[in-house]
Structures are given as structure tokens and as C-alpha cells.
Protein chains: 2
Amino acid sequence: MSGGLTGRPTDAPTAPASVAGLLRDIADVGRDATRGGYSRFVYDDGETTLREWFVAEAERRSLEVETDRNGALWAWRHGTGGATGGPGGTAGPGAAVVTGSHLDSVPGGGAYDGPLGVASAFAAVDLLDARGVRSERPLAVVAFPEEEGARFGVACLGSRLLAGAITPDRARALTDADGLTFAEVAARAGLDVDRIGPDPARLAAIGAFVELHVEQGRGLVDLGEPVAVGSAILGHGRWRFSVTGQGNHAGTTLMLDRRDPMVAAAGIVLAAREVAIDHAGARATVGRVQPVPGGTNVIASRVDVWLDARHPDDAVTAAVVAEIHRRAVAVAEAEGCEVVLVEESYGGTVHFDDGLRARLTDVLPQAPVLDTGAGHDAGVLASVVPTAMLFTRNPTGVSHSPEESVEDDDAQTGAVALADVLESLLLRPQEPIVS
Amino acid sequence: MSGGLTGRPTDAPTAPASVAGLLRDIADVGRDATRGGYSRFVYDDGETTLREWFVAEAERRSLEVETDRNGALWAWRHGTGGATGGPGGTAGPGAAVVTGSHLDSVPGGGAYDGPLGVASAFAAVDLLDARGVRSERPLAVVAFPEEEGARFGVACLGSRLLAGAITPDRARALTDADGLTFAEVAARAGLDVDRIGPDPARLAAIGAFVELHVEQGRGLVDLGEPVAVGSAILGHGRWRFSVTGQGNHAGTTLMLDRRDPMVAAAGIVLAAREVAIDHAGARATVGRVQPVPGGTNVIASRVDVWLDARHPDDAVTAAVVAEIHRRAVAVAEAEGCEVVLVEESYGGTVHFDDGLRARLTDVLPQAPVLDTGAGHDAGVLASVVPTAMLFTRNPTGVSHSPEESVEDDDAQTGAVALADVLESLLLRPQEPIVS
């Protein structure tokens, strides 16, 4: 599913790159001919090619690239006097300014969710270089692995490991659709999987993390603005309902003799819809269903149903899931089936750092302030470092789909806004970055 | 997923093999560690190993093995005087007696659906040899490919091609889950795919086809008998409902802004159940559902739902499918989605040859006469050659599942019954085999 990079000579002039141009170079990487759009899963061919692109873009800018213990890529521009960031860096605690996003996608995702933030970061570095903006603060562009959780089922896996929001043992044991563990796949990609996990020294060096991301709704379209400042990420999680019945032959088993978990699974899908509508502001989605064995002429023995549920108020999210579970048990019992509920991941609502957000709105007075229902690495890191987000307008409002879209002009406006924010953070060290 | 054969030396004594012993030799082939039971798909490692086993068992019995133009394996015991069967055989039209079944399985199927009929056929050949039963009639053991349709979606593909019940062009274009065409896969397995299709000369040589199969219900358990004679196969088919909505982000899309095909798909699953219950004797099953793209945090853009529907009266099957379709359109419209219905395969109710069935009940007066809701190669061949079936008791009544079961004693009783039937067909050539 992976095409190659559209190469540029590495001795190309160092004029500021456009975001659109950067994204054009990877437009053929990881296309999904079946689903449309892109399927770039952590450590698969496509995502690996994007990592190579990241390294090449970093080296083109003379940034120093390192892979952290959890597989994230960091491209460092050292501070004046050679002050280095990262764990044990010479710039000191809280000095580094970090921006970036992720390279992986959902199955059949769009071109922007993830790569826009990384491409905008490189473009912003170019703008800072062109403006001659330097300070003693190191600046890094980062790309976190497995943000979507599309391969191993836990979103923001790289940032969670970094922040200690998932145990290394649990991460190592996660499996993909082929039954391969994260430990096996990451080791094959060159990671020392015994050393994955929290990295407090790396976090301590960071003074601010700013993630730019394509907007995943119509907020900016409706407001007629190209760029927004993020305020909060809705609490959300993933749950798996495993419904077990009696596998049997589709032709020989009378209707009233059946214990068919697919019928119960259908009831769970409808219950999720109804319960979410009953709770204003809640979202509940079943986007993935896996019948076992999954044959046309076979009554399934088990059906796994994945639920994604979100609400600004964590108590409401919990109530929504509890009510869906209550109804799932009822529909399963009516079908003679059993249901087991497993929480695969959960994160409460995240409010970004007030002081850092005030700095962003100060630099970008035109930008509206929006929250988002989507999860991000920024949401994980917000609990351990001062964190903020910028959103770039998406004309379709559609995301996690090939129809996701960004105009070239808006992409560039976003990169300029990001450069403005980074310039402020780099050049006003006398002010505390955070409140 | 494929283990090896438990080999026996090829110079082993030619005492009659037991069915249980034959099946033990392949008990490790094609096990499915994920679903349980066996996944043996046409031309995969497991099914290919079973083909090698078939050839070895045939050669152990000095049977002459050939692969027909459609990939079925035929092991011939020539008639007295060297009279050969098959197309252009010297025994003449209608002389050959054929028995056998298939080697492939559904995903996560049992050990008996298919291989029991092949193993019983080899065991029956041994019994005939031990009894000294020979005549000028050639006898063949056959194994048809892709009976379950688990890989390419059309059940009984090998027998359909042989009988002209599917066009070669359509068969060549069928694709598996990896997007490989039947033409590519069959060619890789050594078939000349330009030559697949109807083989009237081969069919003309056959006087009778008798397929022994594990029973896929509780008929024999309830009657307390080990073996039944088949009377009919219920009409059945496969239909695909493709529901198209709007793919989007699970977190950012408000519930009332959605056009979610998974919600409509759930409605179709429940409609199928309700409509089948409303039509006495009907069976309607959704065992396979495929959301696209299938990510947990993604509202699907399309969901494919496969329906298996059956009834003894073809008009009722048609009415059941039409009513499910009517309801599917209604639930899809209510969700702002569109639904397209495709018939993937259909076969009307098959009544086996009356004269041949009378011969079987004459030879096996104790055996009850049962119909079946399951499809079989015998159901396809019944339209072109005189065909009959035997069923061996299944204590669980469960099929297409690892819980499918046959007692060793019943398996051997089934082989003896098959040998009795074959002996009758071979030794009474003065009577017409068919009415």
C-alpha cells in the first residue's frame, strides 16, 4: 500500500518550504487502494517511509535527529551557544520548545491528520531561520508513533509511554490484527523494547509543547477563520464488548434454536446510538465489529464490538458507557449470549495550560479558541508538560476519511501562525513560558 | 495455520483403514489458533497439504490420481478388464460410480465437514477390496475444491464449474480477502485457468455420485440412528447488502449530524432475524460484516453485510430476501444512507434422484431419510448426474464450528454403509442405476 517518496535533491536551496510542497512529497506514501485515502500504520511500510522522509527533512535543515526510547523521532535545532535539548541537554530544565504531531493514520484516513502538524513544524522552522530567530532555547520537531492506535489498539501509544500513561508491560503485550505483539514489531523496527517507558528527564527539558493539527470539525469553516487556538480535548475512551454465543451452521440451525452473538451485537450498536442521543453533547460510535469466525454461512460464535465514547464531562462519559453496558447485557441475555466489557483506553477531559494558551491568543489575536472531540498526543502530554494546540481549517469538516481536506493557503497560514507562536516562545525567555 | 501430516510409511500393509485413523493423520493440518478448529481454504497451505494427503492415500491403494480441469482430485479404481472411467474412459457412458466430498473448511470449522466424506470414501474402497468386490464399473474417490466458498465467496465452486453452473469468466474474476483473483491463485497452484469450465464428457461417464457427509443438525441424534439417507437440500443463497453513509471522525461529529452505515447495518441484522422467524422453516443469518475503513475511532463510510437465507420452498426464500431488502432500504433511508443488494449465489431446493435414493434405502433399510439445510457439491451435481447422500451422526448437532463432532464408531458405521451402497452400485450393473 506504500508508494515512494517524491525525492528532492538534498542539496536543494534552503528557502522556506511550503507546507503544501512538503505534503506533496509524501502524497503517494501509504495509499490504501481498498478503502481510499491512506493507511499508514506504525512501523508498516508506509509509516516507515514517512519516518525516512522525516529524517531527510530534518537533515536538510541541519537538525539533529534522534529516536527516543519509545520510538518517537526528535529533530533538534540547538540553542545559541550550542545549548542542547533532550534528556541531559545543556540548555537546562524547561528550556526546550517542541512542536510536531504524528505520521500514522487511521485505516483509510486523510492526508492531513498527523502529517500536517509535522510538515507545518518543518515549514515553521524554515520561517524562523528566514527571520533569523534564534535564542538559547533549543527547538525540536517531533513525530510520535501510533497516535491513532490503528495497529495496536491504544491511541497515543508513543506519548503515553513517554508520559508514563501506560505501563511498558501492557504496551509490549499489545497485539495487532496479525497477532504480532508491539514488542515483536518494535524490536524488528530497531527499538530496545526492554527500555520503553516513562522518560522524565526528556519531559523535564521541555518548556512548552505546541501541536498543530487539522481541525476535525466545522468550527473554523463556520467562523470563517483559517486558524484556531485549542482550549480543551474532550474526555474519551475505547471499550470492547465481547459477545459470546453458539457458533453453528447457518442452514441447519432453526431460528429459535440460535444463540447468535451478531444479533446481540446489532442491539449494542443501536443502544450506543440511542444512549448518546439521550445525553446532550455525548458521542458514541461503533466503527469496528469483528465476528468470529466471520463466514457467510456460519452463525458466529463470538462478535467483538468496539465502542468509542466521548463527552466534555467525564462523569457523563462514564454514565453513557454504563448505560450502554446495561443495555448490552439485556440484549445479550435475551439472545442467550454472554457479554464481557473491557476498557481498552480512557482519558478524561484535558484543559490546556492557561498561561500558554494566553500566550498563543496574545500572539494570534484573530484566532478563535475552540475545543475538540478528537484525542491527540498533546492531550497526553498536557498532564506532564505545558501544552497547547493550533487547528488549521478543514473545508469539509470531515476527518478520519479520504474527504478530509486543507486548502494550501490555509496550510501556509497555519505554519506562519505556528512560527509566530514559536518565535514568541523562543525570544521571550525572560517571561515564564507558563503561568 | 498449517501443521504437517502424521506420516505413515507408504509400504504399510493394506488392511482396511479406519475412518478415525485416516482423520487422525490430518488432525494437525490447517488448525486455526485464533478462531479454534480449522481454517483450510482452497489452495492455502492447509488445503494443499490435505491434497497431498489425498494423493498419498490414493497411491497407497494403487488408485490412479488425476486433477480435473477445475482443480478437483479424482482417484480411480479401474473396472475389471482395465475399464477406465473419466472423460474418454473405456467403461462407457454412465458406468462410473463416484464418491467423495471436499477438503476445505469454513473459517474456524470442524474436523469433519468435508474430510469425513473423503476419509469414509477411502475406507469404503478398502472394505470393497477386502470383500473382493469388483466389477467392470470404475470407481472414483473425488475431492472438490472450494466447497465452502470461504476464500472466493461462491460455495461449491469446483462442482459448479464442472457442471456449468458458473461461467469460467465469473469464476476467474472472483477475489479473495487479499484481492487475489481465483485465476491468479489457481494458476499459481498449477491449473490451466484458460481451460476451467464445464466438462460434459467427464459427467457423461458417471452413473452415480454418492456423497457421505457429517450431519449438520440433530436429526440422527434425536432418532438414535448413526446413518441417514439424504432426500433433499434446501434452496439457499448468499446476498450482500452494501450500506453507504458518510465516513467521519468519531469524536468530532455530533450524533445528529451522522449518516452512519453501521447503525443501518445493525437494523439489517435485526430485520433478517425477524423476517426469518415470521416465515416458518426459513433461516436467515448474518455471519459476516465488514465495516470500511473499520477503525475504532472512525464512523464507517460503508458497511457490507452478508446474508445467508434458506427455505425448502424457493418462493418463500425469495419472499424472505425481498422483505429483508425492503426493511434494509427503510432503515438505511432513516439513517441518510444508501443500500445496494447483490445476489452472490443462489440455488433452488434440490431433490435427489428418486431411483438412486430407493437403491440406498433398499441397501440400508434401517437408515432414516432426512433432508438438510446445508449446501453440498452433491446438490450441484444432482442437476447433471444421478446423485445421493449419506449423513453420519453428529452428537453435538453443531457444524461450521470447532464443536462439530463424530464418534469413531459412527464414522466407521458410515463407511460400512457407504461400502454397502457402492457394492450394490458396482455389482448390479444389469439393473439401471437410476430410475
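Placed above this text is the structure.
These numbers come from a predicted model, not from an experiment. (Residues numbered from 1 in each chain as written. Chains lettered and ligands numbered in written order. Predicted model: local features only at pLDDT ≥ 70, side-chain atom pairs only at ≥ 80, totals over all residues. Heavy atoms only, no water.)

Chemist: Any chance you could explain the overall build of chain A here in plain terms?
Modeler: For chain A, the helix and strand inventory stands at 13 helices and 15 strands. Whereas a compact globule of 435 residues would reach a radius of gyration of roughly 22 Å, chain A reaches 23 Å, a difference of no more than 12%. With the C-alpha coordinates of chain A rotated into their principal frame, the extents come out at 80 × 40 × 40 Å. Classification of the 435 residues of chain A by burial places 61% in the buried group. Nonlocal contacts in chain A, meaning residues at least 24 apart in sequence, comprise 77% of its contacts between residues at least 6 apart. When the accessible surface of chain A is totalled, it reaches about 15000 Å², and 51% of it is carbon and sulfur. With 36 positive and 60 negative side-chain charges, chain A shows a separation of 1 Å between the mean positions of the two kinds. (Helix = DSSP H or I, 4+ residues; strand = E, 2+ residues; numbered from the N terminus. Rg over C-alpha atoms; globule rule 2.2 N^0.38 Å. Buried < 20%, exposed > 50% of the residue type's maximum accessible area, 1.4 Å probe, protein only. Contact = heavy atoms within 4.5 Å. Areas by Shrake-Rupley, 256 points an atom, 1.4 Å probe, with all protein chains shown as cover. Lys, Arg positive; Asp, Glu negative; His and termini not counted. Charge placed at Lys NZ, Arg CZ, Asp CG, Glu CD.)

Chemist: Explain the packing of helix H2 (residues 45-60) of chain A against helix H3 (residues 115-131) of chain A to me, please; I cannot follow it from the model alone.
Modeler: The description of two helices packed together rests on the angle between their axes and the distance between the axes. All names here are of chain A. Packing of H2 against H3 leaves a shortest axis separation of 11 Å and a crossing angle of 10 degrees. Here H3 runs roughly parallel to H2, going by the angle between their axes. On the side of H2, the interface is formed by Trp53, Phe54, Glu57 and Ala58, while H3 contributes Val118, Ala119 and Phe122. Its residues placed into classes, the contact of H2 with H3 shows 6 nonpolar, no polar and 1 charged. (Axes fitted to C-alpha atoms, helices over the stretch in contact; angles between N-to-C directions. Parallel < 35°, antiparallel > 145°, perpendicular 65-115°, else oblique. Nonpolar A, V, L, I, M, F, W, Y, C, P; charged D, E, K, R; others polar.)

Chemist: What is the right way to look at the interface of chain B and chain A in this model?
Modeler: The figure often quoted for interface size is the accessible area lost as the parts come together. Listed per partner, the contact involves 59 residues of chain B and 59 residues of chain A. Taken together, both faces of the contact between chain B and chain A bury some 5100 Å²; the carbon and sulfur share is 57%. Considering only the side of chain B, the residues that lose the most area to chain A are B:Met255, B:Arg273 and B:Thr296, jointly responsible for 15% of the buried surface there. For the pair chain B and chain A, the number of links is 2 salt bridges. (Buried area = accessible area lost by both parts, 1.4 Å probe. Salt bridge = Lys/Arg side-chain N within 4 Å of Asp/Glu carboxyl O.)

Chemist: Can you walk me through the environment of B:Asp176 in this structure?
Modeler: Residue and element names in this part refer to chain B. Turning to its location among the elements, aspartate 176 is positioned in the loop between helix H5 (168-173) and helix H6 (182-188). Residues aspartate 176 and leucine 427 lie 251 residues apart in sequence; the distance between their C-alpha atoms is 44 Å. Apart from the residues within four sequence positions on either side, aspartate 176 is in contact with Arg151, Phe152 and Val185. At 2.9 Å, the side chain of aspartate 176 forms a polar contact with the backbone nitrogen of aspartate 178. (Polar contact = N/O pair within 3.5 Å; in protein donor to acceptor, adjacent residues only side chain to side chain.)

Chemist: Is there a simple way to explain the relation of the copies chain B and chain A in this structure?
Modeler: For the pair of chain copies, the relating operation is a rotation around an axis with a shift along it. At an RMSD of 0.1 Å, chain B and chain A line up after a rotation of 180 degrees and a shift of 0.0 Å along the axis. On this basis, the relationship between the two copies can be described by a two-fold rotation axis. The C-alpha atom lying nearest the rotation axis in chain B is that of B:Ala266; the distance is 2.1 Å. Residue by residue, 100% of the interface of chain B is reproduced at the interface of chain A, so both copies engage with the same surface. (Least-squares fit on C-alpha atoms with pLDDT ≥ 70 in both.)

Chemist: Could you clarify how one ought to interpret the nonpolar core in this entry?
Modeler: Formed by 60 residues in total, the largest nonpolar core has its most connected members in A:Leu307, A:Ile324 and B:Leu307. The residues touching B:Leu307, leaving out its near neighbours within four places in the chain, are B:Gly237, B:Arg238, B:Trp239, B:Phe241, B:Ala272, B:Ala284, B:Thr285, B:Val321 and B:Ile324. (Core = buried A, V, L, I, M, F, W, Y, C linked by side-chain atoms within 4.5 Å.)

Chemist: Explanation requested: the side chain of B:Asp32 in the structure shown.
Modeler: With respect to the element layout, B:Asp32 can be found in the loop between helix H1 (19-25) and helix H2 (45-60). Of note is the side chain of B:Asp32, whose polar atom sits 2.5 Å from the side chain of B:Ser39.

Chemist: Please clarify how the sheet that holds strand S11 (residues 302-311) of chain B should be interpreted in this entry.
Modeler: One key point about sheets: their strands pair by backbone hydrogen bonds, in either a parallel or an antiparallel sense. Residues and elements named next belong to chain B. With antiparallel pairing, 4 strands are arranged side by side in an open sheet as S9-S11-S7-S12. Pairing within the sheet leaves two strands with one partner each, and these edge strands are strand S9 (283-292) and strand S12 (338-347). Put simply, the sheet's adjacent strands are angled 15 degrees from each other on average, direction ignored. Bridge analysis of S9 against S11 gives 8 bridges, and the strand direction is antiparallel. Residue pairing across strands places valine 292 opposite arginine 302, the latter belonging to S11. The strands touched by helix H9 (residues 261-278) are strand S7 (235-244), S9, S11 and S12; relative to S11, the strand with the most contacts, the crossing angle is about 5 degrees. (Pairing = 2+ DSSP bridges.)

Chemist: Would you mind showing me how to read empty space enclosed by the protein here?
Modeler: Any empty space left between the atoms is revealed when a probe the size of a water molecule rolls over them. Per the stated rule, a full pass over the model turns up 6 cavities of 30 Å³ or more. Taken as a whole, the largest cavity spans an internal volume of roughly 120 Å³. A:Glu147, A:Glu148, A:Arg310, A:Gly375 and B:Asn297 are the residues nearest the centre of the largest cavity, which is lined by 17 residues in total. Contributing elements (two or more residues each) for the lining of the largest cavity: strand S7 (235-244) and strand S11 (302-311) of chain A. Tallied by class, the residues present in the lining of the largest cavity amount to 3 nonpolar, 8 polar and 6 charged. In terms of domain composition, the lining of the largest cavity takes at least three residues from each of domain 1 (19-234 + 349-427) and domain 2 (235-347) of chain A. Here the second largest cavity defines a volume of roughly 80 Å³. Considering the residues around the second largest cavity, the lining is formed by A:Met262, A:Ala265, A:Ala266, A:Val269, A:Val289, A:Val305, B:Met262, B:Ala265, B:Ala266, B:Val269 and B:Val289. Secondary structure elements with two or more residues in the lining of the second largest cavity: helix H9 (261-278) of chain A together with H9 of chain B. (1 Å grid on protein atoms, 1.4 Å probe; cavity = no way out; pocket = protein on both sides within 12 Å on 5 of 7 lines; lining within 4 Å. Points joined across faces, edges and corners; volume = space filled by probe spheres on them. Domains from an automatic or database assignment.)

Chemist: Explanation requested: the sheet that holds strand S9 (residues 283-292) of chain A in the structure shown.
Modeler: All names here are of chain A. With antiparallel pairing, 4 strands are arranged side by side in an open sheet as S9-S11-S7-S12. The outermost strands of the open sheet, each flanked by one partner alone, are S9 and strand S12 (338-347). When strand polarity is set aside, the average angle formed by the axes of neighbouring strands in this sheet is 15 degrees. When S7 meets S12, the two strands line up antiparallel, connected through 9 bridges. Bridge pairing links phenylalanine 241 to leucine 341 in S12.

Chemist: Where do I start with the pattern of salt bridges in this structure?
Modeler: Side chains carrying opposite charge are able to pair once their charged atoms draw close together. Enumeration over the complete set of coordinates arrives at 50 salt bridges over all chains. Across the pair A:Arg51 and A:Glu47 runs a salt bridge, and its minimum N-O distance is 2.9 Å. One end of the pair is A:Arg51 and the other is A:Glu47, both in helix H2 and 4 residues apart, which spans about a single turn. A residue is classified by how much of its surface remains accessible, and A:Arg51, at 11% relative accessible area, is buried. By relative accessible area, which is 1% here, A:Glu47 ends up buried. Note that B:Asp278 is salt-bridged to B:Arg327, the shortest N-O span being 3.9 Å. Placement of the pair is B:Asp278 in helix H9 and B:Arg327 in helix H10 (residues 314-334), with a sequence separation of 49 residues. A relative accessible area of 55% means that B:Asp278 is categorised as exposed.

Chemist: Hey, could you run me through the packing of H9(B) against H10(B) in this one?
Modeler: Residues and elements named next belong to chain B. Taken N-terminus to C-terminus, the directions of H9 and H10 make an angle of 150 degrees; their axes are 9 Å apart at the nearest point. Judged by the inter-axis angle, H9 sits roughly antiparallel to H10. In the crossing of H9 with H10, the sense of the turn from one axis to the other is right-handed. Contacts between H9 and H10 involve Ala264, Gly267, Ile268, Ala271, Ala272, Glu274, Val275 and Asp278 on the former and, on the latter, Val320, Glu323, Ile324, Arg327, Ala328, Val331 and Ala332. (Left-handed = near helix turned anticlockwise from the far one by under 90°.)

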